[in-house]
Every structure is written in C-alpha cells, then in structure tokens.
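Single-letter residue listing:
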Amino acid sequence: MKHRLKGFILLAGLAMAMGPAGAAEWNMATPYPDATFHTQNVYEFVKDIEEAAGSDLSVTVHSAGSLVKHPQIKRAVQTGQVQMGELFISILGNENAIYAVDSIPFLATSYEQARELWEASRPHIEGLLEKDGVKLLYAVPWPAQGLYTSRAVDSVSDLEGLKFRAYNSATSRLAELADMQPTQVEVPELPQAFSTGIVEAMITSPSTGANSKAWDFVDRFYDIQAWIPKNMVVVKQSAFEALDAKTQGIVMTAARKAESRGWEMSQEEAEAKKAVLRENGMQVIEPSDELMQGLREIGETMTREWLEETGKPGEDIIRTYRK
Ligand code: PCA
C-alpha cells in the first residue's frame, strides 16, 4: 500500500514535469511580412487549430523570415528546427524542377487554370515532399504576376539591360532570355534593393507591389498576368504523426479551410491592390500586343526547357492539366 502510493506520487511528479500529456508546442516559420494576405491567412489557420485543439496543440508563428530565412524554410521543417513552415513552392525549383511548374510564364494565367494546374501537379509535389519527411497541408495562389518598371516597355527588346529582381530560378531564366540581369531578392529586402539600385524592375503580384510601396521606386505596372504562383504550408511528417488522431483531424480540417479561404482572398486582392497602385500614382498599363507576343515566346521556350528537365512526371502534369 505504502509502496503503491509512493509510486503514484512519483509518476504524478514526472507527468507534471513533462507538461500535460500529449500537449505539443510548435514553431512555424513564414517568409512574408504580416500585412501580406498569405500571412494573415496563416494566422487564421493557426487560430482555427488552437481554438479546436485547446491545450493539445499551440503554434507560434515567426513571420517575414524572422526565425528562418525563406531559402532555408523547407530544410528547417525537414530537420525539425521548426515543425511547420510556409514557403513559395517554386523557390524549390533548384531542388527539383517539378516545383517550378506554377512559375512557367503563360502556362496558367487565370484562377480557373491555376486550380486545374494545381490539381494536376499536387500529387507530384506531395510525393516529392513525402520523400523528405514533409507533409503538405495547403497551397494558396498569389494574384497574377505583373511587370514593375520605370522604363516604358512596349516590346521584350525594351527590357534589355534592366537590373531585374528575381525570386526563383524561373524568374532568373526569364530575365536571361530577355537580356536582363537577374538578382535574387526576398520580399522583406525589396525596398532596400530598389533604393540602393541593386534592382530596377521586377515581376510580382499587385499584392507584393502594394505592400512594398512599389511607387517609391517605379512608375509603371504592366498588367501582363503572366503566371499564378503559389505558397504552400507544410509540416514535419513525424511531428504530425506524434499528434493524437483527433488533433491530426483538427489540423487537416483547418488546412482545408485555409486553402479555400486563401484562394478567395487572393482573388479579392488582385483588383483591390491594383487600385492601391493607382491611388499612389502608378500607371496600371495594358501591355502592347508586341510585348505580350515576345513574352509568350519566352514562355514557350521555358515550357520546352521545363519538359526536357522533368521528363515523364512533367509530361504527366501537362497532359493531365490540358485534359
Ligand atoms: N510575391 C512574392 C512571390 C510572388 C508574389 O506575388 C514575391 O514577390 O516574392
């Protein structure tokens, strides 16, 4: 009797030192500033999880690359430095070209096409991540990408020589094909890169342009709607599996909700943020046919190159997408 009581007290003490049974405290790294709609969606996602999971799971968000820089976020999840992360899918294009599919110019330029391309590519991307012990939770697109510059650009040849801000291997390749000089810059560093003259033009969404006050550096936004790239939110597979079944279900339900909320937010952003560019004195310009024709040719070259690089899985994605 005495012994049993002693044993019980010992166990109770141990349990207290370990915290409530099953409680998980996660860290999440994200690359973009708080005002970004993707980041706001992440905060909503985490709120949904915490409200449903109570003390079983809490998540601390470290936004704007404050804990982990964007190029290291996937690896940080893989190695367990953080349990969850958000990243731009095509930033992984160097690791495997499949990840770059949504950043091929003019392959998918409307939300409907972007959704079809996502459905066609999702299993491949999930499979690649799985091999690295990473689980895909959800993906959300940015509004269609447009060209920011001070120089008037009526054809691809007008781009020649511009110092171009790239954000992945696809935008670096586009710059090369248009005789521009690419430099990779992350969003939090954009204002500094423009003000110091490291870059003078970029292709990105109205969201990123408006959030980084593009009007301080450039006058024109050419609405070329060239592609609709996505962010994804991922979790370390083993951290997810350590949760009980109920909490796993809560995370997956919140992820599905975040995905559909995010696609809606993105569509609302597209027009709203172009209006912000205008309100701040930028010209929002319909591109000339000649410029579009030249950019489309670059897109065709890049599609060909991407298919050569990816082989069978790439062909599968394009075939499924075009069906
Ligand atoms: N904004 C991010 C990625 C695409 C976008 O619209 C950026 O400029 O880095």
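Look up: the structure comes first, before these words.
A few points on the structure. (Residues numbered from 1 in each chain as written. Predicted model: local features only at pLDDT ≥ 70, side-chain atom pairs only at ≥ 80, totals over all residues. Heavy atoms only, no water.)

Brief notes about the overall build of the protein
Looking only at helices and strands, one finds 11 helices and 11 strands in the protein. Along the three orthogonal principal directions, the C-alpha set of the protein runs to about 90 × 45 × 30 Å. The buried share of the protein, taken over its 323 residues, is 52%. For the protein, long-range pairs separated by at least 24 residues make up 77% of all intrachain contacts whose partners lie at least 6 apart in sequence. Surface exposure of the protein reaches about 15,000 Å², of which carbon and sulfur atoms provide 50%. (Helix = DSSP H or I, 4+ residues; strand = E, 2+ residues; numbered from the N terminus. Buried < 20%, exposed > 50% of the residue type's maximum accessible area, 1.4 Å probe, protein only. Contact = heavy atoms within 4.5 Å. Areas by Shrake-Rupley, 256 points an atom, 1.4 Å probe, with all protein chains shown as cover.)

Regarding the packing of aromatic side chains
Using the criterion set out here, one finds 6 aromatic pairs in the structure. An angle of 80° between the planes, with centres 5.9 Å apart, marks the rings of Phe37 and Trp142 as edge-to-face. Here Phe37 is found in helix 2 (residues 37-53), whereas its partner Trp142 is found in the loop between strand 4 (134-141) and strand 5 (146-149), with 105 residues between them in sequence. For the pair Phe37 and Trp142, a shared accessibility class is recorded, and that class is buried. (Phe/Tyr/Trp six-rings, centres within 6.5 Å; stacked < 30°, edge-to-face > 60°.)

Focus: the sheet that holds strand 9 (residues 220-222)
The 6 strands lie next to each other as 7-6-8-5-9-11, forming an open sheet whose pairing is mixed. Of all the strands in the sheet, the pair left with one neighbour each is strand 7 (181-184) and strand 11 (283-285). On average, each strand axis in the sheet is inclined to that of its neighbour by 25°, with strand direction left out of account. Bridge count for strand 6 (residues 163-166) against strand 8 (residues 201-204) is 2 bridges, and the pairing is parallel. Opposite Arg165, over in strand 8, you have Met202 as the bridge partner. (Pairing = 2+ DSSP bridges. Axes fitted to C-alpha atoms, helices over the stretch in contact; angles between N-to-C directions.)

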